[in-house]
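Observations on chain architecture
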Amino acid sequence: MLGGICFLLIFILYRRSTNKYYQRLHLLNISFPETWQDLLEKNSVFYANLSPADKKIFNQRVQFFLAEKKVEGIDTNLDDTVRLLVAASAIIPTFAFPFFEYPNLKQVLIYPNAFDEKFRTEHTAGQERIIAGMVGNMYLNNTLLLSKPNLLAGFQNQDNSNVGIHEFVHLLDKADGAIDGLPEIFLNNAYAIPWLQVLKAEVKKMKKGQSDINPYGLTNNAEFLAVVSEYFFDNPEKLNQNHPELYRLLCTIFQQDPERSR
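Residues numbered from 1 in each chain as written. Predicted model: local features only at pLDDT ≥ 70, side-chain atom pairs only at ≥ 80, totals over all residues. Heavy atoms only, no water.

Per an unreviewed UniProt entry, the recorded name for the chain is Zinc-dependent peptidase, and the organism is Adhaeribacter rhizoryzae.

Attention now moves to the overall build of the chain. Across its full length, the chain carries 11 helices and 4 strands. Every one of the 262 residues in the chain was classed for burial, and the buried ones make up 45%. Long-range contacts, defined as pairs at least 24 residues apart, comprise 62% of the intrachain contacts of the chain with a sequence gap of at least 6. With an accessible surface of roughly 14100 Å², the chain has 54% of that area assigned to carbon and sulfur atoms. (Helix = DSSP H or I, 4+ residues; strand = E, 2+ residues; numbered from the N terminus. Buried < 20%, exposed > 50% of the residue type's maximum accessible area, 1.4 Å probe, protein only. Contact = heavy atoms within 4.5 Å. Areas by Shrake-Rupley, 256 points an atom, 1.4 Å probe, with all protein chains shown as cover.)

Considering the arrangement of structural elements, one finds Lys200 in helix 8 (residues 189-207). Linking Lys200 and Asn221, residues 21 residues apart in sequence, is a C-alpha distance of 9.1 Å.

Residue placement: Phe46 occurs in helix 3 (residues 45-48). Between the C-alpha atoms of Phe46 and Pro258, which are 212 residues apart in sequence, the distance is 7.7 Å. The residues touching Phe46, leaving out its near neighbours within four places in the chain, are Phe58, Ile92, Phe95, Phe233 and Gln256.

With that settled, consider helix 4 (residues 52-68). In this model, helix 4 (17 residues) spans 25 Å end to end at C-alpha, consistent with the 24 Å of a helix rising 1.5 Å per residue. Turning to helix 4, its buried residues number three or more, namely Lys55, Phe58, Asn59, Arg61, Val62, Gln63, Phe64 and Phe65. (Expected span 1.5 Å × (residues − 1).)

Counting residues in each nonpolar core, the largest one holds 63 residues, and the members touching the most others are Phe58, Val108, Phe168, Trp195 and Leu250. Once you skip the residues sitting within four places of it in the chain, Trp195 turns out to touch Gly181, Leu182, Leu187, Phe224, Leu225, Val228, Leu246, Leu249, Leu250 and Ile253. If you look at the next biggest cluster of nonpolar residues, it comprises 7 residues, including Leu109, Tyr111, Phe115 and Met134. (Core = buried A, V, L, I, M, F, W, Y, C linked by side-chain atoms within 4.5 Å.)

All told, the structure shown has 19 aromatic pairs when counted by the stated rule. Relative to Trp36, the ring of Phe32 has its centre 5.5 Å away and its plane inclined at 80 degrees; by these criteria the two rings are edge-to-face. Take Phe32: its relative accessible area is 15%, and that puts it in the buried class. Both rings, one in Tyr102 and one in Phe168, keep their centres 5.1 Å apart while their planes meet at 70 degrees; by these two values the pair is edge-to-face. (Phe/Tyr/Trp six-rings, centres within 6.5 Å; stacked < 30°, edge-to-face > 60°.)

Attention now moves to the pairing of strand 4 (residues 143-147). Of all 5 residues in strand 4, 5 are buried; the element is thus mostly enclosed. Alternating positions in strand 4 separate into two faces, Thr143, Leu145 and Ser147 on one and Leu144 and Leu146 on the other, with burial throughout. Bridge analysis of strand 2 (residues 107-111) against strand 4 gives 5 bridges, and the strand direction is parallel. Looking at the pairing, Leu109 lines up with Leu145 of strand 4. In this sheet, strand 4 lies alongside strand 3 (residues 133-135) in antiparallel orientation, the contact comprising 3 bridges. Directly across from Val135, in strand 4, lies its bridge partner Leu144. (Pairing = 2+ DSSP bridges.)

Let us look at helix 9 (residues 221-234). Over its 14 residues, helix 9 extends 20 Å from the first C-alpha to the last, a length consistent with the 20 Å expected when each residue adds 1.5 Å. Burial analysis of helix 9 places 13 of its 14 residues in the buried class, the great majority of the element. Sitting at the amino-terminal end of helix 9 is Asn220, which places a side-chain oxygen 3.1 Å from the backbone nitrogen of Ala222. (Polar contact = N/O pair within 3.5 Å; in protein donor to acceptor, adjacent residues only side chain to side chain.)

By the secondary structure assignment, Glu223 is in helix 9. Within the structure, the side chain of Glu223 is placed 2.9 Å from the side chain of His166, a separation counted as a polar contact. Non-local contacts of Glu223, meaning those with residues more than four positions away in its chain, are made with His166, His170, Tyr216 and Gly217.

A word on the side chain of His243. Within the secondary structure, His243 is located in the loop between helix 10 (236-242) and helix 11 (244-254). The exposure class of His243 is buried, given its relative accessible area of 6%. Those residues within four positions of His243 in sequence are excluded, and the remaining contacts are Glu202, Ser211, Asp212, Ile213 and Tyr231.

Averaged over every residue, the pLDDT of the chain is 88; residues scoring 70 or more account for 85%. Below pLDDT 50 for its whole length, residues 4-9 participates in 0 contacts with residues either more than four positions away or in separate chains. Ignoring residues within four places in sequence, the model shows residues 11-15, a span with pLDDT below 50, making 0 contacts including any to other chains. (pLDDT = per-residue confidence, 0-100.)

The subject of this paragraph is the pattern of salt bridges. Here the structure, examined in full by the defined rule, presents 3 salt bridges. The shortest N-O distance in the salt bridge between Lys55 and Glu41 comes to 2.6 Å. Note that Lys55 is positioned in helix 4 and Glu41 in helix 2 (residues 34-43), a separation of 14 residues in sequence. Look at Lys55 and you get buried, because its relative accessible area is 12%. One salt bridge in this structure joins Lys70 and Glu72, with 3.2 Å as the shortest N-O distance. (Salt bridge = Lys/Arg side-chain N within 4 Å of Asp/Glu carboxyl O.)

This is the structure:
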């Protein structure tokens with residue numbers, strides 16, 4: 001009996017792995033739609049600045065992401081732009097890590113507006129904190145929630161604010177087991193202490209009002225990482241100019257130098 005159960009589990013795992021393999025082989029034979037490429041060029045500065053070879057890699061990863069992660073609208077319709085920007089939000093911070101596929105994510109839920117703690121999108125006097133995005137927990141484990149207008153605005157306005165990237169960085173941070181602002185699977189131990197030292201110094205400046213970093217980063221170390229990651233990908237030249245040591249450490253974490261690629 002036990003042997004039969006073990007065989008069944010092995011068979012299920014084997015089928016899942018082979019199904020994913022053959023699905024990806026099939027996707028590699030499907031041309032990336034020109035309309036999708038045009039939408040990414042128009043909406044993502046990061047994508048527009050990639051070389052033709054890197055764009056091809058990015059396109060493949062978009063196809064894999066959309067085939068393997070569920071992106072669903074909650075009381076709102078989704079078009080190609082929204083789906084593509086969800087995928088782009090996932091791929092931009094992990095572009096140097098092609099084998100990282102967000103194992104702690106199964107679905108992304110898109111809301112028609114910012115929402116409160118009870119996921120209500122209509123707000124009245126005395127409303128709770130308005131949320132543009134969050135990593136789900138408890139019964140929403142393996143789920144990411146995003147506000148559609150905030151997602152779109154993050155790519156349309158280069159103002160160091162991008163909720164898609166912000167929330168996917170939280171998922172990267174969570175990959176080592178804790179959302180704590182120290183993404184250990186990407187940050188070599190030799191850089192952990194320098195990172196925490198720079199974080200502490202920047203937080204001190206923020207508390208004194210001597211920094212242009214979004215003050216939401218003062219919430220905790222995890223929010224600091226997510227906030228400065230938005231800044232890093234949206235306005236790398238300015239971040240490097242104003243916070244060179246922070247910029248260099250983010251280059252180390254993400255294994256990317258977005259300023260040089262522009």
